[in-house]
Amino acid sequence: MVMTEQAPAIRHMSQVGNVAGISQEEWATAVAAKAGPRTRIGAFEQVHVFWLAGMSCDGCSIAVLGATAPSVESLLTGSLPGVPIVFLHHTAVQLEAGEAYMEPMRKAWRGELEAPYVIVYEGSLADESLAGTGGYWSAVGEEGDGPMEGRRQIPSAEWARRLAPGAAATIAIGTCATWGGIPAAFGNVTGAMSLTDFLGADYRSALGLPVVNIPGCSPVGDNFTETVAAILLFLQGVGPLPEFDDLGRPAWLFGETVHRQCNRAGYYEEGTFAEEYGDKECLVEVGCWGPVVNCNITSRGAINHVGGCMNVGGICIGCTMPGFPDKFTPFYKAPPGTVLSGTSSRLVGSFIRPLRRMTQRDRNREVRWDRSSEPPTGWGASNAPTFVDKIVQGAYDRIRHSDTAAKDR
Ligand code: SF4
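Residues numbered from 1 in each chain as written. Predicted model: local features only at pLDDT ≥ 70, side-chain atom pairs only at ≥ 80, totals over all residues.

Participant: Could you give an account of the site of the ligand, naming the residues involved and the relevant values?
Facilitator: His259, Cys262, Cys282, Cys288 and Gly290 are the nearest of the 14 residues found near the ligand. The residue inventory of the shell around the ligand, partitioned by class, reads 11 nonpolar, 2 polar and 1 charged. (Near = placed C-beta within 6 Å. Nonpolar A, V, L, I, M, F, W, Y, C, P; charged D, E, K, R; others polar.)

Participant: Any chance you could break down the domain arrangement of the protein chain for me, citing the residues and the numbers?
Facilitator: Domain assignment breaks the protein chain into domain 1 (13-253) and domain 2 (256-364). On a C-alpha basis, the centroid separation for the pair domain 1 and domain 2 is 35 Å. Those elements that place two or more of their residues in the side of domain 1 that touches domain 2 are helix 6 (174-179) and helix 8 (221-235). Residues of the side of domain 1 that touches domain 2, tallied by class, amount to 9 nonpolar, 6 polar and 1 charged. (Domains from an automatic or database assignment. Helix = DSSP H or I, 4+ residues; strand = E, 2+ residues; numbered from the N terminus.)

Participant: Let's hear about the confidence of the model for the protein chain: which residues, and what values?
Facilitator: A residue-level look at the protein chain finds 90% of positions with pLDDT of 70 or above and a mean pLDDT of 88. Note that pLDDT drops below 50 for residues 1-14; the model gives that stretch 18 contacts with residues more than four away or on any other chain. (pLDDT = per-residue confidence, 0-100. Contact = placed C-beta atoms within 7 Å.)

Participant: Which residues make up the pairing of strand 2 (residues 85-89), and what are the values?
Facilitator: Most of strand 2 sits out of view: 4 of its 5 residues are buried. Where strand 1 (residues 46-53) lies against strand 2, 5 bridges are found, and the strand directions are parallel. Bridging across to strand 2, Phe50 finds its partner in His89. (Buried ≥ 20, exposed ≤ 12 C-beta atoms within 10 Å, placed from the backbone. Pairing = 2+ DSSP bridges.)

Participant: I'd like a description of the nonpolar core, backed by residues and values.
Facilitator: In this structure, Val118, Ile119 and Ala160 are the most contacted members of the largest nonpolar core, which totals 89 residues. Residue contributions to this core peak at 8 residues, all from helix 8. Looking at this core, you find at least three residues from each of domain 1 (13-253) and domain 2 (256-364). In this view, Val118 contacts Val47, Val49, Ala167, Ala168, Ala169 and Ile171; residues no more than four positions away in its chain are not counted. (Core = buried A, V, L, I, M, F, W, Y, C linked by C-beta atoms within 7 Å.)

Participant: Requested: an account of helix 5 (residues 156-163), with residues and values cited.
Facilitator: All of the buried residues in helix 5 are Ser156, Ala157, Trp159 and Ala160. Down the axis of helix 5, the smallest arc covering the buried residues is 155 degrees, so these residues share one side. (Arc of directions from axis to C-beta.)

Participant: Break down the sheet that holds strand 6 (residues 169-173) for me, citing the residues and quoting the values.
Facilitator: What links the strands of a sheet is backbone hydrogen bonding, and the strands pair in either a parallel or an antiparallel sense. Spatially, 5 strands are ordered 2-1-3-6-7 in an open sheet, and the strand pairing comes out parallel. Each edge of the open sheet carries a strand with a single partner, namely strand 2 and strand 7 (212-214). Pairs of neighbouring strands in the sheet enclose a mean axial angle of 20 degrees, with direction left out of account. As paired elements, strand 6 and strand 7 share 3 bridges and run parallel to each other. Within strand 7, the residue paired with Ile173 across the bridge is Ile214. Its contacts with the sheet place helix 8 against strand 1, strand 6 and strand 7, and it is angled at close to 155 degrees to strand 7. (Axes fitted to C-alpha atoms, helices over the stretch in contact; angles between N-to-C directions.)

Participant: Describe unusual backbone geometry, listing the residues and the values that go with them.
Facilitator: With the exception of glycine, most residues fall at negative phi, and the peptide bonds are largely trans. The amide bond that connects Ala69 to the next residue, Pro70, takes the cis arrangement and shows omega of 0 degrees. Within the secondary structure layout, Pro70 lies in the loop between helix 2 (59-65) and helix 3 (72-76). Each neighbour pair has its own omega, and for Cys217 with Ser218 the value is -5 degrees, a cis peptide bond. Along the chain, the position of Ser218 falls in the loop between strand 7 and helix 8.

Participant: Give me the lowdown on the environment of Arg300, citing residues and values where you can.
Facilitator: Here Arg300 shows up in helix 11 (residues 297-300). It is 9.1 Å that separates the C-alpha atoms of Arg300 and Leu253, two residues lying 47 residues apart in sequence. Among residues more than four places away in sequence, those in contact with Arg300 are Val220, Asp222, His305 and Gly308.

Participant: Quick rundown of the environment of Pro330? Include the residues and the values.
Facilitator: If you trace the backbone, Pro330 turns up in the loop between helix 11 and helix 12 (338-363). For the pair Pro330 and Glu276, spaced 54 residues apart in sequence, the C-alpha to C-alpha distance is 17 Å.

This is the structure:
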């Protein structure tokens, strides 16, 4: 650990609970200094990121900690050229606790931070008026103006309301924060809603941005860190404003459907479908919604470009979509549209598949093998062309060379 021998002693009571004896800011600065002198690109050396947790399971935090391109570590240590050092304030990974943790948030609220800040919200935002007197659904920190011994916990949603106007950017991570998600599903007893619904469609950050939405349950960690890096480069004045779609999603990450990038899409196109989990074919008939879902999990993978729902045999249940979960239930049942699209694929596939296999057999033969009746290898079955193969491939090759032959004349 870099800092143990240099860690300053705990200096005042606000540091109680800080086992490292050093603030997150001091740690990040010291680690960055160890990496050598930075080449300053852009307006800011550092930016604070306040991570607020609402009605969440912490899955978004776990996903982001696993990000690799870029990694959280590279953001915290300022090792990406042009990206300022990120001072992350997160309840799970913070060095400070208690008032030492809360003070930067209070400073940001008072407009006293000496660097810009971004807020990230994980989980949906509850209607705290439903929590009952003295209770709360999700909160961080406390202040001395409440009913319980003169103190009250400050709901995370209240912090969002306080910090959002002054934030350079406001990012909702995960489907609970972006669209309400599971806490806002049918029977929603907490009044849970998304960050956009909570702040209102007119909300703009200090730099004029609406809420940026990075959905997923849990989201791809890289989708978050890459978007943060792109936004920070924009704030620095060294990168363009990243392109967002009309729901505030990074357009380059959510512009395609799962299906278009799925490694099972070839099976769909040839009309062959899995009948049960574990089969290698397309999963649409066991409940996959991939053809209509905006998500890049199949191309990006879950962590370090590895894994991801369909890549490891799971169906797409639409977890990145605003309609999730109510519009995708019951899960594990084929979507109704499958009757039409699956039947069409089957019909086309039943014609195309045999032709492709015939051409495949032919392309698996060297030209000289075509003239021999001997098995081409010592591995067994003869791949000798049948009479039909010869007729069809002869016609196929004539068509293949027709343009060339015309040009040669
Ligand atoms: Fe499309 Fe799902 Fe089939 Fe993949 S498994 S090809 S996403 S329907």
